[in-house]
Amino acid sequence: MLQEAMTRTHVLRQRMANAGIHHAVFTSESSIAYLAGFWGYLGIEFGRPTMLVVSADAEPVVITPLIPHFPSNR
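Let me sum up the structure you'll find in this document.

Cut-offs and rules
- Each chain carries its own residue numbering, running from 1 in the written order of its sequence.
- pLDDT decides what is reported in this predicted model: residues at 70 or higher carry local features, side-chain atom pairs at 80 or more are listed and counted, and totals for whole chains, interfaces and linings draw on all residues regardless.
- Here the side-chain values reflect all heavy atoms present in the structure, with hydrogen atoms and water set aside.
- Any two strands between which DSSP finds at least two bridges are classified as paired.
- Numbering of helices and strands runs from the N terminus; a helix is a DSSP stretch of H or I covering at least four residues, while a strand is a stretch of E covering at least two.
- Axis lines are fitted through C-alpha atoms, for helices just across the contact stretch, and the angle between N-to-C directions can take any value from 0 to 180 degrees.
- Between two residues, a contact is recorded if the distance between any of their heavy atoms is within 4.5 Å.
- In the analysis that follows, any N or O atom pair within 3.5 Å is treated as a polar contact, provided that within protein one partner can donate a hydrogen and the other can accept it, and provided that, for residues neighboring in sequence, both atoms belong to side chains.

1. Re the sheet that holds strand 2 (residues 51-55)
Okay, step 1: Strand order across the open sheet formed by three strands is 1-2-3, with antiparallel pairing between neighbours. If you trace the sheet from one side to the other, it starts and ends with strand 1 (23-26) and strand 3 (58-63), each paired once. If you compare each strand with its neighbour and ignore which way they point, the axes differ by 15 degrees on average.
Okay, step 2: Strand direction decides the pairing type here: strand 1 and strand 2, joined by four bridges, are antiparallel. Residue pairing across strands places histidine 23 opposite serine 55, the latter belonging to strand 2.
Okay, step 3: Packed onto the sheet, helix 1 (residues 2-19) meets strand 1, strand 2 and strand 3 and runs at close to 55 degrees relative to strand 2.
Okay, step 4: Together, strand 1, strand 2 and strand 3 form the strand contacts of helix 2 (residues 29-36), whose direction differs from that of strand 2 by roughly 50 degrees.

2. Topic: the environment of arginine 8
Okay, step 1: With respect to the secondary-structure elements, arginine 8 resides in helix 1.
Okay, step 2: Taking the C-alpha atoms as reference points, arginine 8 and leucine 35, separated by 27 residues in sequence, lie 5.9 Å from one another.
Okay, step 3: The contact partners of arginine 8, leaving out residues within four places of it in the chain, are Tyr34 and Leu35.
Okay, step 4: In terms of polar contacts, arginine 8 uses its side chain to reach the backbone carbonyl oxygen of tyrosine 34, at 2.9 Å.

3. Some points on the side chain of threonine 9
Okay, step 1: Here threonine 9 lies in helix 1.
Okay, step 2: A polar side-chain atom of threonine 9 sits 2.3 Å from the main-chain carbonyl oxygen of leucine 35.
Okay, step 3: Not counting chain neighbours up to four residues away, the residues in contact with threonine 9 comprise Leu35, Ala36, Val54 and Pro60.

Structure below.
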């Protein structure tokens, strides 16, 4: 699935460059999974909004907040 997502993103980046579009931001979990292969992580419904930033001339970036670390009771 990851290789397919990388291929889709490559095609998107080429089309963006041809159209003069420099950046695109995706917030839909389905779009992020389709383009980046990033799926199954706690999403917006758990208060962790995730974004995918696709640039025509750079690698895509997934932005998502860290899960807070809670110390164990050892």
